[in-house]
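Each chain, letter by letter, is given below.
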Amino acid sequence: QVQLVESGGGLVQPGGSLRLSCVASGSIFSINAMGWYRQAPGKQRELVAHNTRLGATNYADSVKGRFTISRDNAKNTVYLQMNSLKPEDTAVYYCNANVVTTTSSWGVYWGQGTQVTVSS
């Protein structure tokens, strides 16, 4: 089993910053890609940022220049630094990981989500 646990969400004023963290644990042999998705009320879940094990990244156009994804492979952790937050960034943010387990199976795992609310 593999578990992903997010933290760092909360309420922030427009223009503020938050840093999300996601730690993966369990029967992990290796983690390939890790990423962040978000889902706002009434909308589909969308990719925010994605990071491969070798460090290649990509971002949604709406967050480019404001958000930064990073990883600590030794800690099986991915971060999302969010700056210049806007009300439209309000959503539940989910961590996602592409994992090879110690039993040589492969799977995509999700965290439980953390709420980010941008409001004055």
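The rules behind each value
Residues numbered from 1 in each chain as written. Predicted model: local features only at pLDDT ≥ 70, side-chain atom pairs only at ≥ 80, totals over all residues. Heavy atoms only, no water. Helix = DSSP H or I, 4+ residues; strand = E, 2+ residues; numbered from the N terminus. Contact = heavy atoms within 4.5 Å. Buried < 20%, exposed > 50% of the residue type's maximum accessible area, 1.4 Å probe, protein only. Phe/Tyr/Trp six-rings, centres within 6.5 Å; stacked < 30°, edge-to-face > 60°. Pairing = 2+ DSSP bridges.

*Asks:* Talk me through the environment of Val 118; I want residue IDs and the actual numbers.
*Replies:* Inspection of the secondary structure puts Val 118 in strand S11 (residues 114-118). Residues Val 118 and Ser 25 lie 93 residues apart in sequence; the distance between their C-alpha atoms is 30 Å. The residues contacting Val 118, other than those within four sequence positions of it, are Val 12, Gln 13, Pro 14, Leu 85, Lys 86, Pro 87, Asp 89 and Thr 90.

*Asks:* Break down unusual backbone geometry for me, with residues and values.
*Replies:* Unusually for a residue other than glycine, Ser 84 sits at a positive phi of about 50 degrees. In this model, Ser 104 sits at a positive phi of 65 degrees, which is unusual for a non-glycine residue. Examined against the element boundaries, Ser 104 turns out to sit in the loop between strand S9 (91-101) and strand S10 (106-110). The class for Ser 104 is exposed, based on a relative accessible area of 65%.

*Asks:* Which residues make up the packing of aromatic side chains, and what values do they have?
*Replies:* In the structure shown here, the tally under the stated rule is 1 aromatic pair. When the centroid spacing of 5.0 Å and the interplanar angle of 65 degrees are considered together, the rings of Tyr 37 and Trp 110 count as edge-to-face. On the criterion of sequence distance, the pair formed by Tyr 37 in strand S4 (residues 28-39) and Trp 110 in strand S10 is long-range, its members being 73 residues apart. Residue Trp 110 is classed as partly exposed on the basis of its relative accessible area, which comes to 37%.

*Asks:* An account of the pairing of strand S8 (residues 77-82) is needed here, citing residue identities and associated values.
*Replies:* Of all 6 residues that make up S8, 5 are buried, and the element is covered over most of its length. The pairing of strand S3 (residues 18-26) with S8 spans 6 bridges and is antiparallel. Looking across to S8, one finds that Leu 20 is bridged to Leu 80. Looking at chain direction, strand S7 (residues 67-72) and S8 are connected through 6 bridges and run antiparallel. Residue pairing in the sheet places Ser 70 in a bridge with Tyr 79 of S8. Hairpin remark: S7 followed by S8, antiparallel, with 4 residues in the connecting loop; positive phi at Asn 76, about 50 degrees.

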